[in-house]
Protein chains: 2
Amino acid sequence: MGTVSKALSLLSFFAPDRTEIGLSDLTRLSGMNKATVYRLMAELQESGFVEQGENDRAYRLGPQVLHLAALREASTPILSVSRRILRELSEETGETTHVSLGHDGWVQTLSHAYSPRHATKVTMEDAQTVTYHATSSGLAILAYSDPEFVDRILSQPMTAHTQLTLTSQDEIRAKLEEIRNQGFSSTEGSFELEVHSHAVPVFGADGNALGALAVAAPSSRMDAPQQAKIREALCRAGADLTHRIGGRPPASYTFYEGH
Amino acid sequence: MGTVSKALSLLSFFAPDRTEIGLSDLTRLSGMNKATVYRLMAELQESGFVEQGENDRAYRLGPQVLHLAALREASTPILSVSRRILRELSEETGETTHVSLGHDGWVQTLSHAYSPRHATKVTMEDAQTVTYHATSSGLAILAYSDPEFVDRILSQPMTAHTQLTLTSQDEIRAKLEEIRNQGFSSTEGSFELEVHSHAVPVFGADGNALGALAVAAPSSRMDAPQQAKIREALCRAGADLTHRIGGRPPASYTFYEGH
DNA sequence: TCGATTGGTTCATTATTCGAACCATTGGTT
DNA sequence: AACCAATGGTTCGAATAATGAACCAATCGA
């Protein structure tokens, strides 16, 4: 494994519930020698990717990650554009809405909005990482990704989050075909029991899905009229989001409305 | 120079007006051998920091930078918290407001808000990089930073952006002392002629300034009552922002109001 | 058709990284 | 107060990874 990859892999140990990590903890988590970890972190620190407190010498993510994120937003402003779209979609449907980003091997919840309409709602946190196969968003992304990428994702072991999670390749591929036919994904109890989610892909400039826009609700509220409403609202919002971040759907995707 | 630092330095060539860079351009910009650039970018790509289009093989920043930024926000939510504070401060003062982040060697405009009150306004873009010595925000950060950090910043060559830019160490150190005495910085025409800016530091958990909150306006509108209003509003907003991102000012900083 | 430029590749040589062993400090326990 | 475990940090001979000159195929403009 290259030196750069080793260094960057150290950054992947940071998590929403682990925003500070000491040298010895990183050594344990990574399995690398402590001197190696120290040197790699020193270079990351010099480059602004991590920083240390003065007294508490634990490592934290540094300002450079915000700078690069802002630069990424300059070209694909998914974070800033999705904020309002999530809020409006949440108000319109009365449910939790969120935008996810596809990574190599996992899906990231990027941003979300809650509706105050119901006290019971699906909650989530940004920067959370979830699997492709078990989530509505992940499946929506896969359905409109490169076949090689899909192969790579589906060749990894697929864990069952609930007893309703699809884990066999055949089942998942059939599900992807269903999504391609109807333009959105719908899962119930796949990632979490009693939660019904719908998602549509969000496309980049190259016509591949780079993320997904989703509505998640307790299954008990999801009657047929409400589902139809969510699907229609999602297709409109997905078109809007893709369009405004400078993306465009592939010719085969004809489900967006209003664009 | 370590291999990790070399790889990460390639990322610093991305800019708001250069969100895509080809292999040969990166080779020219960096001065490294093309094979080296290729391999380093391949590792950055494997780690999700950059990606390439399918047809257009130019490199762009990848999804991992958004993920890390979201993780950084989990511990120091300066981006999300500042959004509303910027908007309210902008409405209250009628001028452009912005939050900046201090990096090693430069200052980044992180987020901004415009007021619709006047047609003539100071404009800016996120992810823009500016200097410490020539900006109100930069000077506000320096005034509340480690002496060693200040020494390092002031030992670099200091360019004059306008004929009003302070460039001598003595002048700048005197300015920093003035800021420490009054709790905010005020510059006129230093970075751009006809622009008057005020800024207060934003502190991290360790009592050092990690950023600044600023109001920028055309000098022609800055009469004494308006300046007093801006200063008072900035101190209040700066206290609010520092407090809500989990920071705390050093004992010597007594200018925040409301906290 | 040709030349310039692009993105990408190879392998002998060179430079960097590695990690076992070590150190100083800190904090908890007895 | 003494001891031990754990922390962050350091060293240098050995091992490994990175380097870059030279090359290739494709593309595009003249």
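See the structure above.
For clarity, every value in this text was computed on a predicted model and none was experimentally measured. (Residues numbered from 1 in each chain as written. Chains lettered and ligands numbered in written order. Predicted model: local features only at pLDDT ≥ 70, side-chain atom pairs only at ≥ 80, totals over all residues. Heavy atoms only, no water.)

### With respect to the sheet that holds strand β3 (residues 96–102) of chain A
Residues and elements named next belong to chain A. Pairing in this open sheet of 6 strands is antiparallel, and the strands run β5-β4-β3-β8-β7-β6 from one edge to the other. On the outer flanks of this sheet lie β5 (129–130) and β6 (185–188), each paired with one strand and no other. Of the strand pairs in this sheet, strand β7 (residues 195–203) and strand β8 (residues 209–218) are connected by 9 bridges, and their pairing is antiparallel. Looking at the pairing, Pro201 lines up with Ala212 of β8. Helix-sheet contacts for helix α9 (residues 224–244) involve β3, β6, β7 and β8, and the interaxial angle to β7 is about 25°. (Pairing = 2+ DSSP bridges. Helix = DSSP H or I, 4+ residues; strand = E, 2+ residues; numbered from the N terminus. Contact = heavy atoms within 4.5 Å. Axes fitted to C-alpha atoms, helices over the stretch in contact; angles between N-to-C directions.)

### Considerations on the nonpolar core
Ile78 and Leu213 of chain A together with Ile78 and Leu213 of chain B are the most contacted members of the largest nonpolar core, which totals 102 residues. In this structure, Ile21 and Leu40 of chain A together with Leu10 and Met41 of chain B belong to the second largest nonpolar core, which totals 45 residues. (Core = buried A, V, L, I, M, F, W, Y, C linked by side-chain atoms within 4.5 Å. Buried < 20%, exposed > 50% of the residue type's maximum accessible area, 1.4 Å probe, protein only.)

### Observations regarding the pattern of salt bridges
The final tally for this structure, using the stated rule, is 24 salt bridges over all chains. Between Arg173 of chain A and Asp151 of chain A there is a salt bridge, with the nearest N and O atoms lying 2.9 Å from each other. Note that Arg173 of chain A is positioned in helix α8 (residues 169–182) and Asp151 of chain A in helix α7 (residues 147–154), a separation of 22 residues in sequence. Taking relative accessible area as the criterion, Asp151 of chain A reaches 39% and is therefore assigned partly exposed. The residue Lys175 of chain B makes a salt bridge to Glu178 of chain B at a minimum N-O spacing of 3.5 Å. Remark: Glu178 of chain B and Lys175 of chain B occur in helix α8 (residues 169–182); sequence separation between them is 3 residues, near one turn of the helix. Of the residues examined, Lys175 of chain B reaches a relative accessible area of 14% and is grouped as buried. You can call Glu178 of chain B partly exposed: its relative accessible area is 37%. It is possible to trace a salt-bridge network through shared partners that takes in Glu20, Glu51 and Arg60 of chain A together with Arg72 of chain B. (Salt bridge = Lys/Arg side-chain N within 4 Å of Asp/Glu carboxyl O.)

### A few points about empty space enclosed by the protein
Applying the stated criterion to the full structure yields 1 cavity of 30 Å³ or more. The space that makes up the largest cavity amounts to roughly 40 Å³. As for the largest cavity, its lining consists of Leu71, Arg72 and Ser75 of chain A together with Phe14, Ala15, Arg18, Thr19, Arg60 and Leu61 of chain B. Counting residues per element, the ones that place at least two in the lining of the largest cavity are α4 (63–75) of chain A together with β2 (59–61) of chain B. In terms of residues, the lining of the largest cavity owes the most to one element, α4 of chain A, which gives 3 residues. Along the lines of polarity and charge, the residues of the lining of the largest cavity split into 4 nonpolar, 2 polar and 3 charged. (1 Å grid on protein atoms, 1.4 Å probe; cavity = no way out; pocket = protein on both sides within 12 Å on 5 of 7 lines; lining within 4 Å. Points joined across faces, edges and corners; volume = space filled by probe spheres on them. Nonpolar A, V, L, I, M, F, W, Y, C, P; charged D, E, K, R; others polar.)

### Concerning the protein's contact with DNA strand D
Not every one of the 19 residues close to DNA strand D is listed here, only the nearest: Ser24, Arg28, Lys34 and Tyr38 of chain A together with Asn33 of chain B. Counting only the atoms of DNA strand D that lie within 4 Å of the protein, the sugar and phosphate share comes to 64%. One of the side-chain N or O atoms of Lys6 of chain B is found 3.1 Å from a phosphate oxygen in DNA strand D. Breaking the surface near DNA strand D down by element, the ones donating at least two residues are α2 (23–30) and α3 (34–46) of chain A together with α1 (3–11) and α3 (34–46) of chain B. Examining the composition of the surface near DNA strand D, we find that 4 residues originate from one element, α3 of chain B, more than from any other. Classifying every residue of the surface near DNA strand D by side-chain character gives 5 nonpolar, 8 polar and 6 charged. (Near = heavy atom within 4 Å. Polar contact = N/O pair within 3.5 Å; in protein donor to acceptor, adjacent residues only side chain to side chain.)

### Some thoughts on the protein's contact with DNA strand C
Around DNA strand C, 18 residues are found, and the nearest of them are Asn33 of chain A together with Leu23, Ser24, Lys34 and Tyr38 of chain B. Here the atoms of DNA strand C within 4 Å of the protein split so that 65% fall in sugar or phosphate, with bases taking the remainder. Take Ser24 of chain B: an N or O atom from its side chain is 2.3 Å from a phosphate oxygen of DNA strand C. The separation between a phosphate oxygen of DNA strand C and a polar side-chain atom of Tyr38 of chain B is 2.6 Å. For the surface near DNA strand C, the elements supplying multiple residues, two or more each, are α3 of chain A together with α2 (23–30) and α3 of chain B.

### Details of a positive patch on the surface
A surface patch of like charges, here positive, comprises Arg83, Arg84 and Arg87 of chain A together with Arg84 and Arg87 of chain B. Of all the elements in the fold, those that place two or more residues in the positive patch are α5 (78–93) of chain A together with α5 (78–93) of chain B. Considering each element in turn, the positive patch owes the most residues, 3 residues, to α5 of chain A. Inspection of the secondary structure puts Arg83 of chain A in helix α5. (Patch = residues over 30% accessible without salt bridge, like charges linked within 9 Å, V, L, I, M, F, W, Y side chains within 5 Å. Areas by Shrake-Rupley, 256 points an atom, 1.4 Å probe, with all protein chains shown as cover. Lys, Arg positive; Asp, Glu negative; His and termini not counted. Charge placed at Lys NZ, Arg CZ, Asp CG, Glu CD.)

### As for the packing of α2 of chain A against α3 of chain A
Residues and elements named next belong to chain A. Relative to each other, α2 and α3 sit at 115°, their axes nearing to 9 Å. In terms of orientation, α2 and α3 fall into the roughly perpendicular class. With respect to the hand of their crossing, α2 and α3 are arranged in right-handed fashion. For the pair formed by α2 and α3, the contact residues are Leu23, Ser24, Leu26, Thr27 and Ser30 on the first element and Lys34, Val37, Tyr38 and Met41 on the second. Grouping the amino acids of the contact of α2 with α3 by side-chain chemistry returns 5 nonpolar, 3 polar and 1 charged. (Parallel < 35°, antiparallel > 145°, perpendicular 65-115°, else oblique. Left-handed = near helix turned anticlockwise from the far one by under 90°.)

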